[in-house]
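# Analysis of the macromolecular model
Residue-level listing of the chains:
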Amino acid sequence: MIRFEQVSKRYDEGHTALAEVSFEVAAGEMVFVTGHSGAGKSTLLRMLALAERPTAGRVWLNQTDLAAARASQVAPLRRRIGMVFQDHRLLTDRSVFANVELPLMIGDHSRRQRRQRVMDALTKVGLQAYAEQLPSTLSTGEQQRVGIARAIVARPELLIADEPTGNLDPQLAMEIMGLFTEFEQLGTTVLIASHDLSLIKRLHRRVIVLDHGQLVADVAAREVL
Ligand SMILES: Nc1ncnc2c1ncn2[C@@H]1O[C@H](COP(=O)(O)OP(=O)(O)OP(=O)(O)O)[C@@H](O)[C@H]1O
């Protein structure tokens, strides 16, 4: 599903954010990416989101080499990926429904299909009763759930999340992680960047560890104690 082949990323300022990183993630796997601040976690996810290109190496999403994607391929490729951010990036002047509907506005879904999909996504995250509210009337944890509903509404094959629980207390963080495991069970591949080791340990999933841009450990789920 995902294959990084000797991927390096050097930013213009000369800083090496990733150095010859190689790993594979199978379809349907849920994997954590961890490491200190500045280790390269966001850079790694941003390559999958086609927000950055490697300086060297290849990033494969199934049969597509993202590093070589043409400009015209970027939007269709991004549609196959759901993204969740720490700061959820919701539009404050639009309802919860309208926020979740956004990814469906490109493409040829009828109004009825969109409504069905949005309500399905909101139901999955337990927010079906909040559809008409503005995000600002929701708690931080609920707003993060709206962000997750928006990420999965177009039924992506890959879900990537960058510190999705960064602003949440431990109990809410665990609830959000529980949602990701539900999507994993539905067959979605899930990649989550997090520096929260105690939370990661409780999930018992594979963990990729970055240190100064290098992949220093790739720990199988059964070895996560
Ligand atoms: N757009 C950029 N331009 C220049 N340098 C960058 C850019 N983005 C990231 N970096 C640098 O690349 C390195 C890796 O950053 P990255 O954000 O990928 O790490 P991270 O592990 O996600 O850290 P954090 O947990 O703090 O977000 C850091 O040294 C950072 O300063």
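Keep in mind it's a predicted model, so treat the numbers as computed, not measured.

When the UniProt feature table is mapped onto this chain numbering, "domain: ABC transporter" (unreviewed entry) sits at residues 2–225. Regarding residues 2–225, the helix share stands at 34% and the strand share at 27%, and the terminal C-alpha atoms are separated by 25 Å.

Quick look at the packing of aromatic side chains now. By the definition in use, this model includes one aromatic pair. Between Phe4 and Phe23 the ring centres are 4.6 Å apart and the planes differ by 15 degrees, which places this aromatic pair in the stacked class. Here the residue Phe4 occupies a position in strand S1 (residues 2–10), and Phe23 occupies one in strand S2 (residues 16–25), the gap between them amounting to 19 residues. Each of the two residues, Phe4 as well as Phe23, counts as buried. Positioned over the ring face of Phe85 is Arg89, at 3.9 Å from the centre of the ring.

On to the sheet that holds strand S4 (residues 56–61), then. Strand pairing in a sheet relies on backbone hydrogen bonds, with the paired strands running either antiparallel or parallel. A sheet is described by the order of its strands in space; here four strands give the open sequence S2-S1-S4-S5, paired in antiparallel fashion. Edge strands, defined here as strands with exactly one partner in the open sheet, are S2 and strand S5 (64–65). Pairing of S1 with S2, which is carried by six bridges, proceeds in the antiparallel orientation. Within the sheet, the bridge partner assigned to Lys9 lies in S2 and is Leu18. Docked against the sheet, helix H1 (residues 41–48) engages S1, S2 and S4, running at close to 120 degrees with respect to S1.

About the cut-offs
- Within each chain, residues carry numbers counting from 1 in the order of the written sequence.
- Under the rules for a predicted model, residues below a pLDDT of 70 receive no local features and side-chain atom pairs below 80 are neither given nor counted, while totals for whole chains, interfaces and linings still include all residues.
- To get the side-chain values, take all heavy atoms of the structure and skip hydrogens and water.
- UniProt positions are given in the numbering used here, feature names are shortened, and annotations may be inferred rather than shown by experiment.
- Helix and strand definitions here come from DSSP, where helices need a minimum of 4 consecutive H or I residues and strands a minimum of 2 consecutive E residues; each element is numbered from the N-terminal end.
- A pair of Phe, Tyr and Trp rings is counted when the ring centres sit within 6.5 Å of each other, with Trp represented by its six-membered ring. The angle between the planes then sorts it: under 30 degrees is stacked, over 60 is edge-to-face, the rest tilted.
- Note on classification: 1.4 Å probe, protein chains only; a residue is buried when its accessible area is under 20% of the maximum for its type, exposed when over 50%, partly exposed between these limits.
- In this scheme, Lys NZ or Arg CZ marks a charge over a ring once it lies within 6 Å of the ring centre and within 35 degrees of the ring normal.
- Between any two strands, pairing holds if DSSP finds at least two bridges.
- Note on contacts: a residue pair is in contact if any heavy atoms of the two residues lie within 4.5 Å.
- Lines fitted to C-alpha atoms define the axes here, with helix axes fitted over just the stretch in contact, and angles between the N-to-C directions of these axes take values from 0 to 180 degrees.

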